[in-house]
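Close look at the chain arrangement
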Amino acid sequence: MALDKNIVVLLGGVGGAKLAAGLAQILPARRLTFVVNTGDDFWHLGLKICPDLDTVMYTLARMVNPDWGWGLQGDSVVTLEALHRFYGLDTWFRLGDKDLATHILRSQLLRCGRSLTETTRRLSESLGLEAALLPMSDQEIPTMIETVEYGELAFQEYFVKHRWRPVLKSIRHAGCERSSLSSQVRSALSGADIVLIAPSNPWLSLAPILAVNGLRDLLASLDVPIVAVTPVIRGAAVKGPTAKIMSELGQDVTAANIADFYTGIINGFVNDIQNEPLGRGDLRSIQVNTLMNTEADKRSLAAATLNWIESWGA
Ligand code: GDP
């Protein structure tokens, strides 16, 4: 298998982290680079919160809460409850006590002038990660959600406070036109032998990454397999609002529409065995089990994807 290949994965949080965990089981860490969505990031209580970076970091460090797929295992919320006692402070965004240590350190490093890339490297190396974990950009590109009920909402208000109940009209990546790729993301992608797009939410987790100035052009200039994995199985998302958003945007919830979302970017697609075939002659695809309930499922999907890509050259 692709043990000697450099693999770059574009991903969001929980769904993406499952594939990341599978890849980490079968490949040497130095071959893996994870480019993570930071459109969900926000400043809260004076702290910089990066939900997707932390989900991937905690997953790879084997510290993640297994019931949720995010947050830290065995964490408590004593500090959050104490904050709420003061003046009924809004506590809709759950911050665990141990998790707070990550946010405090990150915020301090950022305030000292470190980039988010450098900050993430220090945090992830401290937790023992050998794979490279990179934010999609060092600039803030907050995802803004235009809703029917409330007009435009900041991402976490839409996602956590309103529990993605509002009807989505459109999405904006604020400031993306002024953004740029970090030298680390640029050089990881330039040196990639394979680029994978994890089964993350295309609209909320991948679109922000693809909105970073220069990223689409860089992907288009690469002559390597660029392969997406479906987050949709049998007309539904495994978790989260992917299917709801597709319906609200007037699309059928099919893998074919997920593949269409990545038109012009991907040259391969991993479809689920339970889905309809894509029926597209212009795109390589394979059907395998993509549902990752166990560590073995994650490893199998990672291995099946890489073995299939390796067979392209045969
Ligand atoms: P978030 O940022 O934490 O919302 O997570 P992501 O964007 O990375 O992942 C959300 C997407 O992952 C949803 O569309 C899910 O359908 C998808 N997903 C979650 N678990 C699985 C799984 O086991 N298999 C597949 N194929 N997709 C999954």
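The structure displayed is predicted, hence computed values, not measured ones.

The rules we used
The numbering scheme is per chain: residues are counted from 1 as the chain's sequence reads. Reporting in this predicted model follows two pLDDT cut-offs: at least 70 for local features of residues, and 80 or more for side-chain atom pairs to be given and counted; totals over whole chains, interfaces and linings ignore these cut-offs and use all residues. No hydrogens and no water enter the side-chain calculation; it runs on all heavy atoms of the structure. Neighbouring residues are identified by heavy atoms, a residue being near a molecule or strand if any of them is within 4 Å of it. In the analysis that follows, any N or O atom pair within 3.5 Å is treated as a polar contact, provided that within protein one partner can donate a hydrogen and the other can accept it, and provided that, for residues neighboring in sequence, both atoms belong to side chains. Shrake-Rupley sampling with a 1.4 Å probe provides the accessible areas, and residues are treated as covered by the protein chains on show and by no other component. By the criteria applied, helices consist of DSSP H or I runs no shorter than four residues and strands consist of E runs no shorter than two, each listed in order from the N terminus. Nonpolar residues are Ala, Val, Leu, Ile, Met, Phe, Trp, Tyr, Cys and Pro. Charged residues are Asp, Glu, Lys and Arg, and all others, Gly as well, are polar. Any two residues whose heavy atoms approach within 4.5 Å at even a single point are treated as in contact. Here the rule is simple: two strands pair whenever DSSP picks up at least two bridges between them. Axis definition: a line fitted to C-alpha atoms, limited for helices to the stretch in contact. Angles are taken between N-to-C directions and run from 0 to 180 degrees. Among buried residues, those of type Ala, Val, Leu, Ile, Met, Phe, Trp, Tyr and Cys that are joined through side-chain atoms within 4.5 Å constitute a nonpolar core. When a residue's accessible area, from a 1.4 Å probe over protein chains only, is under 20% of the maximum for its type it is buried; when over 50% it is exposed; and in between it is partly exposed. Roughly parallel covers angles under 35 degrees, roughly antiparallel covers those over 145, roughly perpendicular covers 65 to 115, and oblique covers all other angles. By definition, any crossing whose near helix is turned counterclockwise from its far helix by less than a right angle is left-handed, and any crossing with a clockwise turn is right-handed. For this document, the term salt bridge refers to a Lys or Arg side-chain nitrogen within 4 Å of an Asp or Glu carboxyl oxygen.

As a further point, take the site of the ligand. Near the ligand there are 21 residues, and of these S200, S205, P231, T242 and T290 occur at the shortest range. A distance of 3.2 Å is found between an oxygen atom of the ligand and a side-chain nitrogen or oxygen belonging to D52. Starting from 600 Å² of accessible surface for the ligand in isolation, the protein chains cover 94%. Residue contributions to the shell around the ligand peak at 4 residues, all from helix α1 (residues 14-26). Taken together, the residues of the shell around the ligand break down into 8 nonpolar, 10 polar and 3 charged.

Our next topic: the environment of Q25. With respect to the helices, strands and loops of the structure, Q25 is situated in helix α1. Separated by 10 residues in sequence, Q25 and V35 place their C-alpha atoms 18 Å apart. The contact partners of Q25, leaving out residues within four places of it in the chain, are E295, K298 and R299. One polar contact links the side chain of Q25 to the main-chain carbonyl oxygen of E295, over a distance of 3.0 Å.

The next thing to look at is the sheet that holds strand β8 (residues 168-173). Spatially, the 3 strands line up as an open sheet ordered β7-β6-β8, and their pairing is antiparallel. Two strands close off the open sheet at either side, each with one partner strand: β7 (151-154) and β8. With strand direction ignored, the average angle separating the axes of adjacent strands in the sheet is 25°. Strand direction decides the pairing type here: strand β6 (residues 143-147) and β7, joined by 4 bridges, are antiparallel. Counterpart to M144 in the pairing with β7 is A154.

Our next topic: the nonpolar core. Of all hydrophobic cores here, the largest spans 48 residues; its most connected members are L10, V195, L215, L219, I266 and F269. Ignoring any residue separated from it by four or fewer positions in sequence, one finds L10 in contact with V35, V195, L196, I197, A198, L206, I209 and L219. I7, L123, V270 and A302 belong to the second largest nonpolar core, which has 43 residues in total.

Moving on, we come to the packing of α1 against helix α2 (residues 51-60). Where α1 meets α2, the closest approach of the two axes is 9 Å, and the angle between their N-to-C directions is 30°. Relative to α2, the element α1 lies roughly parallel. Classified by chirality, the crossing of α2 by α1 is right-handed. Residues V14, A17, A20, A21 and A24 of α1 form the contact with α2, whose participating residues are T55, V56, T59 and L60.

Further remarks concern the side chain of T120. With respect to the helices, strands and loops of the structure, T120 is situated in helix α5 (residues 116-126). At a separation of 2.6 Å, a polar atom in the side chain of T120 contacts the main-chain carbonyl oxygen of L116. T120 has contacts with L53, L133 and P135, leaving out every residue within four places of it along the chain.

Taken in spatial order, the 7 strands line up as β5-β2-β1-β9-β10-β13-β14 in an open sheet, and their pairing is parallel. On the outer flanks of this sheet lie β5 (132-135) and β14 (284-288), each paired with one strand and no other. Across the sheet, the mean angle from the axis of one strand to that of its neighbour is 20°, orientation sign disregarded. As judged from the 4 bridges shared by strand β1 (residues 7-11) and strand β9 (residues 194-197), these two strands associate in the parallel manner. The partner of V8 across the bridge, within β9, is V195. This element, helix α7 (residues 183-190), spans β1, β2 (32-36), β5 and β9 of the sheet and lies at about 125° to β5.

Take the pattern of salt bridges next. Tallied over the entire structure, the rule returns 12 salt bridges. R121 is the salt-bridge partner of E118, the closest N and O atoms lying 3.0 Å from each other. Of this pair, E118 and R121 both sit in helix α5, 3 residues apart, roughly one helical turn. The exposure class of R121 is partly exposed, given its relative accessible area of 37%.

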